[in-house]
Amino acid sequence: MEKSVGSVPSRTCEVFDAFRRAFETGHTVDFLKMVTEGFHFSVPLPLEGWNHEQQGKERFEELIRFERSVLQVELTSLIVLENEDNGMVVFRAEGSLNGQPYRNELAVVFEFEAERIRSFREYVGMPLKNYETP
């Protein structure tokens, strides 16, 4: 299948693909190659230590290790929007959370600095109560 000029992947699609691989497989290298030195992020986890802005590559790796210990999901992008400074992906997550069926729609907004990821902020479609110890 040939690609037309309009079907060339955007940087947001490329970034989300690396983000998705990190959450689905634990492979963080591709995503972390794309971040700036001052990279930071926010995730909507209702847990002490995660309920504020996080800093750095090591903390992202800790997030992925934690998430994969309780959450096994596949992520599917539904909507991708991008402008000069930001990219947003609305996506579906399906799988299991603490051994229980899990399905949710979320959004992640990436802030770009040139072609690199300066930060991301994730928004959740429904409460994440199952992250708490059963």
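Predicted model only: the values in this text are computed from it and were never measured. (Residues numbered from 1 in each chain as written. Predicted model: local features only at pLDDT ≥ 70, side-chain atom pairs only at ≥ 80, totals over all residues. Heavy atoms only, no water.)

### Structural notes on the nonpolar core
Link 1 in the chain: In terms of nonpolar packing, the biggest core is built from 33 residues, with F19, F31, F60, F110 and F120 touching the most fellow members.
Link 2 in the chain: Among the secondary structure elements, those contributing two or more residues to this core are α1 (11-25), α2 (29-32), β1 (35-42), α3 (57-70), β3 (71-82), β4 (86-97), β5 (100-113) and β6 (116-124).
Link 3 in the chain: Dropping the residues within four chain positions of it, F110 is found in contact with T12, V15, F16, F19, F31, D85, N86, G87, V89, I117, S119 and F120. (Core = buried A, V, L, I, M, F, W, Y, C linked by side-chain atoms within 4.5 Å. Buried < 20%, exposed > 50% of the residue type's maximum accessible area, 1.4 Å probe, protein only. Helix = DSSP H or I, 4+ residues; strand = E, 2+ residues; numbered from the N terminus. Contact = heavy atoms within 4.5 Å.)

### Looking at α1
Since one α-helical turn is 3.6 residues long, residues separated by three or four positions face the same way.
Link 1 in the chain: The end-to-end C-alpha distance of α1 is 21 Å, a good match for the 21 Å that 15 residues give at a rise of 1.5 Å each.
Link 2 in the chain: Turning to α1, its buried residues are R11, T12, V15, F16, A18, F19, A22 and F23. Each buried residue of α1 sits inside an arc of 160° when the element is viewed along its axis, so together they form one side.
Link 3 in the chain: The secondary structure elements touched by the buried residues of α1 are α2, α3, β3, β4, β5 and β6.
Link 4 in the chain: In the stretch just after α1, G26 is the one whose phi turns positive, near 90°. (Expected span 1.5 Å × (residues − 1). Arc of directions from axis to C-beta.)

### Overview of the environment of E94
Link 1 in the chain: By the element assignment, E94 lies in strand β4.
Link 2 in the chain: For E94, a relative accessible area of 33% corresponds to the partly exposed category.
Link 3 in the chain: Put simply, E94 and E105 are 11 residues apart on the chain and 8.9 Å apart in space, counted from C-alpha to C-alpha.
Link 4 in the chain: Not counting residues up to four positions away in its chain, the partners in contact with E94 are Q72, V73, E74, Y102 and R103.
Link 5 in the chain: A polar contact is formed between the side chain of E94 and the side chain of R103, at a distance of 2.4 Å. (Polar contact = N/O pair within 3.5 Å; in protein donor to acceptor, adjacent residues only side chain to side chain.)

### Description of the packing of aromatic side chains
Link 1 in the chain: Applying the stated criterion across every chain, the model contains 19 aromatic pairs.
Link 2 in the chain: The interplanar angle of 75° and the centroid separation of 6.3 Å between the aromatic rings of F19 and F91 together place this pair among those described as edge-to-face. Of this pair, F19 sits in helix α1 while F91 sits in strand β4, and the two are 72 residues apart along the sequence.
Link 3 in the chain: Since its relative accessible area comes to 0%, F19 is described here as buried. (Phe/Tyr/Trp six-rings, centres within 6.5 Å; stacked < 30°, edge-to-face > 60°.)

### A closer look at α3
Link 1 in the chain: Under the 1.5 Å per step criterion, the end-to-end length of α3 is 21 Å for 14 residues, consistent within 8% with the ideal 20 Å.
Link 2 in the chain: All of the buried residues along α3 are R59, F60, L63, I64, E67 and V70. Seen end-on, α3 carries its buried residues on one side only, within an arc spanning 145°. Facing away from the buried side of α3 by more than 90 degrees, the exposed set consists of E58, R65 and S69.

As far as function goes, none of this settles anything; it's purely spatial.
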